[in-house]
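# Structural overview
Given next are the chains, with one letter for each unit.
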Amino acid sequence: MNKKSYFLIAALLISFTAFSQKNSLNAIKIDEIKAHMKYLSSDALQGRRTGSEGNIKAGEYIATEAVKMGLKPLPGNKDMFQTLSFIKSSTYADSSFIILRDTLGNTLNRVTFNPVMIPSERIDLSGEVIFAGYGYMNSKTKYSDFQGFSFKDKIVIVMTRRPDLDGDGMPVKGEKVDEMTEMRKLTPLLMQGPKAILFVADPAYGDEPVSGAFSFGETYKLSPLFRKAYFDFSLNLCFISAQEANKLLAPSGQNLDDLQKKIAVTKKPVTFNVPGAMADMIIGIKQDTVYSSNIVGYFEGSDKVLKDECVIYTSHYDHVGIESDGTINNGANDNASGSIGLLSIAKAFSVLKNKPARSVVFLWTTGEEEGLYGSNYYIENPLFPLDKTVAEMNFDMIGRSKMEADTGKVMGERLDITGPDTIKLVSARDSKEIIDINVASGNEVGITVLDEGKGTHFSGSDHYPFVLKGIPSVFFFSGLHRDYHKSTDDYEFIDFDKILKVSRAGFLSGYKVANNPARPAINLPGKK
Ligand SMILES: [Zn+2]
């Protein structure tokens, strides 16, 4: 073959590849993204919490779409479901209560409450009851609800909000019960080792329900059965109504209303042990086994040898479900957006006549919000050999852009949401080559891919277990917005054009990595 015809064929090949890539980019359509979002973020899926019916429906929807696009189960698997099992612990009607007894053991009162966190085992404890005002300390004014008291082994009652010591001594009128203010009270309280902490809405707050302000007002707890040991964290932290709190305070002859006014008038704490009484606190738990699946499919590579290697795309489809007060967290951005990104990328690969040299695996994980369970399970039970997995690309929260209200902090973290034309690329910078490919792909489709390095959320999503295995990984992330893990993370705030562009950039990058003759170079081998 002479040089001229060689160049001609090379040029034809390049233009053919470019042409088919363009077809693929055009196969990602905004209307389809919207239709997927409409369903995945709908109330019908009840926030897609792992182990719930809505979670299973979401997984089935994704698997059905994946089959339509021609994705195949991994070799040796009948279908695309990689199933994990969990013990689900939940409370039941009237399973959480306190019996207040006098010193002779006679019942004085029976109090019901909502646990903020569900324990994985039955709780049965006893302790003296102590009223600790607002559980508030202010070093400037030297006000302290803690002073001179020990909370060790006690059941502590704490009012929400804090006294306005520069004003009338009551909480500032109209001030909301703020999660961060309440959470900040916990550290000094917990350091003393109480048996339980009971939050009660301060009487001046009125009747507005406050438990929803605590984002982890959960309805059940999951313990993964594939783990012998796992992080089982629970606090005996509860919400009781003012009426129930008054039943516990009754032996003292005082009630919440009077106590709050007393603090306001004197601007002094009124912490005291409830005299002559002991409390038994019970949280009854029922347990079931529940199942939830990672959805895993792939396109086989076109090269006889390189098809034994793969690029893997990951994204979690689970979210945090329903609050104990019934509020649904639809998780439109977290992470219907990323799951739809993967569906869109799969669509782009599906229309390629010639698949890339390497295989391309798609992993929609479950259990991410519970502790990266789905991705860890995959890493421990990989369906494609990990040493042949040349790169991983994760998509979590890719559908929001900065709006006017995105200022300040959410849950104590600074909002760092990107604008409509930018997406963060979080990584250990373990492969400069992959970062460069992603930045270039972004430029080709009109979105700036910002090399963020580890940033502040490096260990917080499904790429992380891959990083720990030394697989070069990147994580596409819009940044934190005001509705993060709130019931307002909804369809109407989604930037669909951003999902479109990020999906296109993700497709191009994965295509290039899957098609390059050489594996991507690694600069920093990750920890094994
Ligand atoms: Zn997420």
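Structural data are supplied above this passage.
Here, residues in each chain are numbered from 1, in the same order as that chain's written sequence. Local features in a predicted model are, by the rule used here, given only for residues with pLDDT of at least 70; side-chain atom pairs are given and counted only at 80 or more, and totals for whole chains, interfaces and linings are based on all residues. The side-chain numbers reported here are obtained from all heavy atoms of the structure, hydrogens and water having been left aside.

The next point concerns the nonpolar core. Soluble globular proteins: nonpolar side chains tend toward being buried together. For the purposes of this section, nonpolar cores are sets of buried Ala, Val, Leu, Ile, Met, Phe, Trp, Tyr and Cys residues that join through side-chain atoms within 4.5 Å. To sort residues, take the accessible area from a 1.4 Å probe on protein chains only and compare it with the maximum for the residue type: under 20% means buried, over 50% means exposed, and anything in between is partly exposed. Grouped together as the largest cluster of nonpolar side chains are 58 residues, with contacts concentrated most on Y313, F349, F362, W364, F395, F476 and F507. Sort the elements by how many residues they give to this core and helix α12 (residues 496-515) lands first, with 10 residues. Contacts are assigned to residue pairs that have any heavy atoms within 4.5 Å of one another. Apart from residues no more than four positions distant in its own chain, F362 is found in contact with L71, I295, V296, G297, F299, Y313, L342, I345, A346 and F349. Of all hydrophobic cores here, the second largest spans 35 residues; its members include V111, F131, A196 and L249. Elements are defined by DSSP. Helices are runs of H or I of four residues or more, strands are runs of E of two residues or more, and each kind is numbered from the N terminus.

Attention shifts here to the packing of aromatic side chains. Two rings from Phe, Tyr or Trp (for Trp, the six-membered ring) form a pair when their centres are within 6.5 Å of each other. A pair whose planes differ by under 30 degrees is stacked, one over 60 is edge-to-face, and the rest are tilted. The final tally for this structure, using the stated rule, is 22 aromatic pairs. Taken together, a centroid distance of 4.8 Å and an interplanar angle of 75° make the contact between F349 and F507 edge-to-face. With F349 in helix α7 (residues 332-350) and F507 in helix α12, this residue pair connects regions lying 158 residues apart in the sequence. Its relative accessible area of 0% is what places F349 among the buried residues. Judged by centre distance (5.8 Å) and plane angle (45°), the ring pair of F507 and Y511 falls under tilted. In this pair, F507 and Y511 are both assigned in helix α12, 4 residues apart and thus about one turn of the helix distant. What links up through ring pairs into an aromatic cluster is the set F299, Y313, F349, F362, W364, F395, F476, F507 and Y511. Whether a charge sits over a ring comes down to the Lys NZ or Arg CZ being within 6 Å of the ring centre and within 35 degrees of the ring normal. Sitting over the face of the ring of F97, R110 holds its NZ or CZ atom 4.2 Å from the ring centroid. The ring of F299 is capped by K355, whose NZ or CZ atom sits 5.2 Å from the centre of that ring.

For the rest of this paragraph, the subject is the sheet that holds strand β12 (residues 237-240). Here the rule is simple: two strands pair whenever DSSP picks up at least two bridges between them. Strand order in the open sheet made by the 6 strands is β4-β12-β10-β9-β6-β13, with mixed pairing throughout. Of all the strands in the sheet, just β4 (114-115) and β13 (272-273) have a single pairing partner and so form its edges. Of the strand pairs in this sheet, strand β6 (residues 129-131) and β13 are connected by 2 bridges, and their pairing is antiparallel. The partner of F131 across the bridge, within β13, is F272. Where helix α5 (residues 242-249) meets the sheet, its contacts fall on β6, β9 (155-159), β10 (196-200), β12 and β13, and the angle it forms with β12 comes to roughly 105°. Fitted lines through C-alpha atoms serve as axes, helices being fitted only where they are in contact, and the angles separating the N-to-C directions of these axes extend from 0 to 180 degrees. Contacts from helix α6 (residues 256-266) reach β6, β9, β10 and β13, with the element oriented near 65° to β9.

Tetrahedral metal sites with four donors have an ideal angle of 109.5 degrees; octahedral sites with six donors have ideal angles of 90 or 180 degrees. Water is not among the atoms examined, so metal sites may look incomplete; donors are the N, O and S atoms within 2.8 Å of the metal, or within 3.2 Å for Na, K and Ca. Bound to the zinc ion are the protein donor atoms H316 (NE2), D334 (OD), D396 (OD) and D396 (OD), situated 2.0 to 2.7 Å from the metal. Key to geometry: four donors with every angle between 85 and 135 degrees are tetrahedral; four donors are square planar and six octahedral where opposite donors lie over 155 degrees apart and all remaining angles lie between 65 and 115; all other sites are irregular. One can describe the site at the zinc ion as irregular: its 4 donor atoms subtend angles covering 50 to 146° at the metal. Considered as a linear motif, the donors of the zinc ion on their single chain read H-x17-D-x61-D. With H316 in strand β16 (residues 310-316) and D396 in the loop between β18 (389-395) and β19 (409-410), the pair connects residues that are 80 residues apart, well separated along the chain. H316 gets classed as buried once you look at its relative accessible area, which sits at 0%. According to the relative accessible area criterion, D396 is buried, its value standing at 4%.

As a further point, take the environment of P163. Relative to the elements of secondary structure, P163 occurs in the loop between β9 and α4 (179-191). On a C-alpha basis, the gap between P163 and I417 in space is 34 Å, while along the polypeptide they are 254 residues apart.

Residue placement: L386 occurs in the loop between α9 (373-380) and β18. Residue L386 is classed as buried on the basis of its relative accessible area of 18%. Separated by 85 residues in the primary sequence, L386 and I471 place their C-alpha atoms 7.9 Å from one another. Excluding residues within four positions of it along the chain, L386 makes contact with Y378, I379, K469 and I471.

Attention now moves to α12. Multiplying 1.5 Å by the helix residue count minus one yields the expected span of that helix. Compared with the 28 Å implied by 1.5 Å per residue over 20 residues, the 28 Å span of α12 between its first and last C-alpha is a close match. With 16 of 20 residues buried, α12 is to be regarded as a mostly interior element. Side-chain atoms alone can form a polar contact between residues adjacent in sequence; in general such a contact is a pair of N or O atoms within 3.5 Å, and within protein one must be able to donate a hydrogen while the other accepts it. The N-cap residue of α12 is D495: its side-chain oxygen and the backbone nitrogen of D497 are 3.2 Å apart.

This part takes up the packing of helix α2 (residues 30-40) against α7. Packing of α2 against α7 leaves a shortest axis separation of 10 Å and a crossing angle of 140°. Taken together, α2 and α7 sit at an angle that is classed as oblique. By crossing handedness, the relation of α2 to α7 is classed as right-handed. Residue-level contacts link E32, I33, H36, M37 and L40 of α2 to A332, A336, S337, I340, L343, S344 and K347 of α7. The nonpolar class holds Ala, Val, Leu, Ile, Met, Phe, Trp, Tyr, Cys and Pro. Asp, Glu, Lys and Arg form the charged class, and all remaining residues, Gly among them, are polar. For the contact of α2 with α7, the per-class residue count stands at 7 nonpolar, 3 polar and 2 charged. Convention used here: angles under 35 degrees read as roughly parallel, angles over 145 as roughly antiparallel, angles from 65 to 115 as roughly perpendicular, and any remaining angle as oblique. With the far helix as reference, a near helix turned anticlockwise by less than a right angle produces a left-handed crossing, and one turned clockwise produces a right-handed crossing.

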